[in-house]
Amino acid sequence: MINSRTLREIQGAPVEERLHLIEIILQSLKKDIETTSPAPKKIFTVRKFSLGAEVHADRHQLYNERTI
């Protein structure tokens, strides 16, 4: 954990050093992400359904109904 003294040292460091620190942290995060196992993919099926007839929505009418 970073304490307040370390944080002040980082904030007082030159921009180049802070950018280098960010790059080191980013590489560490990328390595951690690569080593973790990906979430299993779930298989799904698409169910078709009918509304009884073809529906056409008028966008302008819908937005006009929403105005206050």
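These numbers come from a predicted model, not from an experiment.

## Looking at the overall build of the protein
Point 1. Counting its regular elements, the protein contains three helices and zero strands.
Point 2. Reading the helices (α) and strands (β) of the protein from amino to carboxyl end gives α-α-α.
Point 3. For 68 residues, the compact-globule estimate of 2.2 N^0.38 gives 11 Å, and the C-alpha radius of gyration of the protein, at 27 Å, exceeds that figure by more than 25%.
Point 4. Here the C-alpha coordinates of the protein stretch approximately 65 × 40 × 20 Å along the principal axes.
Point 5. By the burial criterion, 1% of the 68 residues in the protein qualify as buried.
Point 6. For the protein, the exposed area adds up to about 7,700 Å²; of that, 59% sits on carbon and sulfur atoms.
Point 7. The average position of the 11 basic charges and that of the 9 acidic charges among the side chains of the protein differ by 8 Å.

## Remarks on a nonpolar patch on the surface
Point 1. On the surface, L21, I25, L29 and I33 cluster together into a nonpolar patch covering about 360 Å² of accessible area.
Point 2. For I25, the location among the structural elements is in helix 2 (residues 15-35).
Point 3. With relative accessibility at 46%, the residue I25 sits in the partly exposed group.

## Some thoughts on the confidence of the model for the protein
Point 1. Mean pLDDT over the protein works out to 86, with 99% of the residues at or above the 70 mark.
Point 2. Per-residue pLDDT, averaged within each element of the protein, yields its smallest value for helix 3 (residues 59-66) (84) and its largest for helix 2 (92).

## Some details on the environment of R8
Point 1. Position of R8 relative to the elements: it lies in helix 1 (residues 4-12).
Point 2. As a C-alpha pair, R8 and I33 span 25 residues in sequence and 29 Å in three-dimensional space.

What counts, and where the lines are drawn
- Residues numbered from 1 in each chain as written.
- Predicted model: local features only at pLDDT ≥ 70, side-chain atom pairs only at ≥ 80, totals over all residues.
- Heavy atoms only, no water.
- Helix = DSSP H or I, 4+ residues; strand = E, 2+ residues; numbered from the N terminus.
- Rg over C-alpha atoms; globule rule 2.2 N^0.38 Å.
- Buried < 20%, exposed > 50% of the residue type's maximum accessible area, 1.4 Å probe, protein only.
- Areas by Shrake-Rupley, 256 points an atom, 1.4 Å probe, with all protein chains shown as cover.
- Lys, Arg positive; Asp, Glu negative; His and termini not counted.
- Charge placed at Lys NZ, Arg CZ, Asp CG, Glu CD.
- Patch = residues over 30% accessible without salt bridge, like charges linked within 9 Å, V, L, I, M, F, W, Y side chains within 5 Å.
- Salt bridge = Lys/Arg side-chain N within 4 Å of Asp/Glu carboxyl O.
- pLDDT = per-residue confidence, 0-100.

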